[in-house]
Amino acid sequence: MPDRDNTYSTNQIKKISQCHSSLGKRTRLASPKLDRWKDLNKAIIDWQNNDALDETSIKVAEENNFQFYDTIQKKILSELFARFRTIYPKRNSNFNHEYLVKEAVKEIDGEEYGLTTHFAYEFEDENHFEYIKLKTAHDPEPELIDRAIITKLKTDNEEFYTAAIELDDLVEIESVENPDEIIDEYFKILEEYLIERQKRNPGKQCDYCDQSSRCGQFPLINADKITNRVREVKISKTNLVKLSNCERRTAWNVQYGLPREDYVEYESESTATKFHQFSQKLLVNNENFSEKENIESFNQLTNEEDEVTREQLFLKYQQLVSQLNNYDDLKIKEAEYILGFTCIIDGKGLRDGKIVDQKVATIYTGKSDLAGRLGKTPIIIELKTRPETPEDLLEAQLYALGASELMKSESEIIVLHIYVSDNKATVKERRFGVSELESAKAKFEDISKKTASWIPFDALSPNYTVGEWCEYCEFKNTCSEYR
Ligand code: SF4
Ligand code: SF4
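Residues numbered from 1 in each chain as written. Chains lettered and ligands numbered in written order. Predicted model: local features only at pLDDT ≥ 70, side-chain atom pairs only at ≥ 80, totals over all residues. Heavy atoms only, no water.

## Side note on the site of ligand 2
Stated precisely, the cut-off is as follows: The cutoff for a nearby residue is simple: one of its non-hydrogen atoms must lie within 4 Å of the molecule or strand. Helix and strand definitions here come from DSSP, where helices need a minimum of 4 consecutive H or I residues and strands a minimum of 2 consecutive E residues; each element is numbered from the N-terminal end. For this scheme, ten residues count as nonpolar: Ala, Val, Leu, Ile, Met, Phe, Trp, Tyr, Cys and Pro. Four count as charged, namely Asp, Glu, Lys and Arg, and the remainder, Gly too, count as polar.
The environment of ligand 2 is made up of Cys246, Arg248, Arg249, Tyr464, Thr465, Trp469, Cys470, Cys473, Lys476, Cys479 and Arg483. Listing elements by their share of the shell around ligand 2, those giving two or more residues are α8 (247–254) and α15 (476–481). Along the lines of polarity and charge, the residues of the shell around ligand 2 split into six nonpolar, one polar and four charged.

Structure below.
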């Protein structure tokens, strides 16, 4: 059996596969879904281990594990708990919940390493075993690597299920055809990680990563270091914009992770998204983008679109290039460039169930459409197919502050918003020197006072502001119920 330090869970290996740096020491980033999952799990264990009448054991389990939450989260937890009991009523089997794993092992450079898939519960009945994974999210399917390990190590007297509480269903975990190949691929990922543990790979995974304030991608702007005593909250650009209208809406998304009422499984790509994608493809690392032939080559990229869409896309692209042509010595190096920063201020937190003063770090994250250099000056470019809004200034300030650290600029950062329609494009150029960056920093320190005041576990602590934006709010029913 491999040493504990050489054992990696499938969750850890998934993180590693996305970004080496994302596997780090535990931080205090708000992860409400995980906290709720842990308490639900404890309630299920209490209920299973209590021989009293069902009604009593349920009540005791809820009181012991859900009492610190506000009424909304208590309700969510009680509903999930009830669903689990419907999917998996108590039976006369032996129940176990401690360190239930299946482990694939491989030798790397003379040392044994292990990849483990975990289960929440085991039920044993006359030497027949059922292993249960507990999922509270919409997608109950375990990762490929979990399925591969299970397929490889399954014995005849074992069955494996996912209790998918969101779907009210017990789903059998399906085998894979090539478990050894899949396990080998993941051990290769592990080998690469062991060679270069700190390699950073920013991307979508930054949204879910708890190392953002430490990895250097979102540098501290008003402190030298961050410790594990600091509570952390991460705010995406979209949630930052929402925050200027209503604190509760953003808090419910980022601090409390309440279920959204507008959950959409699949959304088709809009013309605006396509315009972004095709333009990015053609502009990045292309020094000839302003040449006529090169502009024409945009049409090759869109050849699978219908005629009307192609024409619209091409018109927009021509407008865009006409604006970029005003900038000599422009080199676009990146698309979907991830940047942001971390701001630490005094706020509130919980210790031993009591509200106490605590430092709070707010990590602001954004993804700019294009980034590069104008001469030596860093430039961030944002493409918009809608008219200008007041929030665009906030977005520019976020990018400028993030870029000033990440792109190592001591002088100036340029942020361009280019507003493109079929027959016109306009540019809003903002230049951020030392004083503009200082005032942006002051503004974000002020905004951070809001996040720093939210009390963990109490989703009703953030203020709310009713306005026209409520109509599009993803929590409008829950919110009106709790006003
Ligand atoms: S925030 Fe992004 S770049 Fe940094 S460690 Fe996490 S995934 Fe990697
Ligand atoms: S419905 Fe309105 S007041 Fe309530 S959270 Fe949403 S935006 Fe805020």
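## Thoughts on the site of ligand 1
Inclusion rule: Residue ranges assigned to the domains are those given by an automatic or database domain assignment.
In the vicinity of ligand 1, the contacting residues are Cys19, Ser21, Ser22, Arg200, Pro202, Gln205, Cys206, Cys209, Ser212, Cys215 and Phe218. Classifying every residue of the shell around ligand 1 gives six nonpolar, four polar and one charged. Viewed by domain, the shell around ligand 1 spans two of them, domain 1 (4–181) and domain 2 (207–483), each represented by three or more residues.

## Focus on the sheet that holds strand β4 (residues 111–119)
What counts, and what does not: Here a strand pair is declared whenever DSSP counts at least two bridges between the two strands. Only the contacting stretch of a helix is used when fitting its axis, a line to C-alpha atoms as for every element, and angles between N-to-C directions run 0 to 180 degrees. Any two residues whose heavy atoms approach within 4.5 Å are treated as being in contact.
Pairing within the open sheet is mixed, and its three strands lie in the order β1-β4-β3. Both edges of this open sheet fall to β1 (7–9) and β3 (100–108), since each of them pairs with a single strand only. Put simply, the sheet's adjacent strands are angled 25 degrees from each other on average, direction ignored. As judged from the nine bridges shared by β3 and β4, these two strands associate in the antiparallel manner. When the sheet's bridge partners are listed, Val105 is paired in β4 with Gly114. Most of the contacts of helix α5 (residues 144–153) go to β4, to which it runs at about 100 degrees, and overall it touches β3 and β4. Helix α6 (residues 179–195) contacts β1, β3 and β4 of the sheet and is inclined by roughly 65 degrees relative to β3.

## A few points about the domain arrangement of the protein
How big an interface is tends to be reported as the loss of accessible area on association of its parts. The condition is simple: The term buried area means the drop in 1.4 Å probe accessible area that two parts suffer when joined, counted for both and summed. Salt bridges are counted wherever a side-chain nitrogen of Lys or Arg sits within 4 Å of a carboxyl oxygen of Asp or Glu.
If you check the domain split of the protein, you get domain 1 (4–181) and domain 2 (207–483). Summarising the inter-unit geometry, the C-alpha centres of domain 1 and domain 2 are found 34 Å apart. Each side of the interface is counted separately: domain 1 has 22 residues, and domain 2 has 30 residues. Between domain 1 and domain 2 the total buried area reaches about 2100 Å² when both faces are included, carbon and sulfur atoms providing 58% of it. It is Arg28, Leu29 and Ile72 that lose the most area in domain 1 upon contact with domain 2, and together they represent 32% of the buried surface on that side. The tally of links between domain 1 and domain 2 comes to one salt bridge.

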